[in-house]
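One-letter residues, chain by chain:
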Amino acid sequence: MDALKVLNGFSSWLVERTGPNENSPTRQGIKLDVFATSMRVTKQIPANLEILAVGGSLTGGDVVQRLTDLAGTGLVERVNASYIITDMGRAVLGRWQALNVSDEDPAKELVRQAVLVDEGIRGGPPVYRAARDFWKNLVEIHPAEQWFANPLALYLVSYLNFTDGRGYNPWTVIQLSGASVVDITDAQWEAWADSTGTPLGWTRTTGMKMLQAARGAATRYVGRVNFCMALEARRRVLRGELVSAVALNWIVPHA
């Protein structure tokens, strides 16, 4: 059974989820990464942390945006009008340096993210532990590799994992039913979106608004797939699998 069959009858959830008007932002519920759209990989982060670790200031490009994105990861924090490296940031940087991955080499991306995920879960912001728990739910329904190969599904589940004012959460329904998500085609998602209601004054359905938001996010999928790979690598290592064998056949996307 695919997830679309258990999502019937949740029109009021969609209205709350995509409102209050057609052009208002539709944000994700539980996220599966900690990245902003302007920072989707970690290759620039080591140099940034090295500067902040010695009390320096970042330069070049849009520094304000960069610091805002870094703050979202828990690696830096704002104190008054300045940004400083956090204890988590120092721990991550130290492990990156010890592992010789504190550089911009894209081939080391998964290792950098695995360290980031591990330190984040240990003592970072709650978003890391929420992503860990959500990811555990996902791999109980489909193997990790199927999720890696379907970025749209990786974003749609985040939009669906949202509890409305009545306490309804469609992801909970999908999880309890064990319904398939990764096997749903784009055409099937489109048909489902078309079948949902169109609020007064809108030019598109509520389902289409959510689907388009997920599609837009999925065009920038690199950070999410890498983060989920890191979550899975950590999960498998904790189960006793060898680090060298965990990601042997994974295709790590780069940006």
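The structure this text deals with has already been given above.
Below you will find a few notes about this structure.

Cut-offs used in this document
- Residues numbered from 1 in each chain as written.
- Predicted model: local features only at pLDDT ≥ 70, side-chain atom pairs only at ≥ 80, totals over all residues.
- Heavy atoms only, no water.
- Helix = DSSP H or I, 4+ residues; strand = E, 2+ residues; numbered from the N terminus.
- Contact = heavy atoms within 4.5 Å.
- Polar contact = N/O pair within 3.5 Å; in protein donor to acceptor, adjacent residues only side chain to side chain.
- Phe/Tyr/Trp six-rings, centres within 6.5 Å; stacked < 30°, edge-to-face > 60°.
- Buried < 20%, exposed > 50% of the residue type's maximum accessible area, 1.4 Å probe, protein only.
- Arc of directions from axis to C-beta.

Attention shifts here to the environment of Glu-50. With respect to the helices and strands, the residue Glu-50 is situated in helix H3 (residues 45-53). Apart from residues lying up to four places away in sequence, Glu-50 is in contact with Leu-93, Gln-97 and Ser-102. Only 3.0 Å separates the side chain of Glu-50 from the side chain of Ser-102, close enough to count as a polar contact.

Inspection of every chain in the model, using the stated rule, returns 10 aromatic pairs. Where Phe-134 meets Trp-171, the ring centres are 5.4 Å apart and the plane angle is 70°; that geometry is what we call edge-to-face. Of this pair, Phe-134 sits in helix H7 (residues 126-141) while Trp-171 sits in helix H10 (residues 170-177), and the two are 37 residues apart along the sequence. When sorted by exposure, Phe-134 lands in the same class as Trp-171, which is buried. Among the aromatic residues, those joined into a ring-pair cluster are Phe-10, Trp-13, Phe-162, Tyr-168, Trp-189 and Trp-192.

Among all positions in helix H2 (residues 11-18), only Trp-13, Leu-14, Arg-17 and Thr-18 are buried. Looking down the long axis of H2, one finds its buried residues gathered within 110° of arc, a one-sided arrangement. Where the residues of H2 are buried, they touch helix H9 (151-160), H10, helix H11 (186-195) and helix H12 (206-218).

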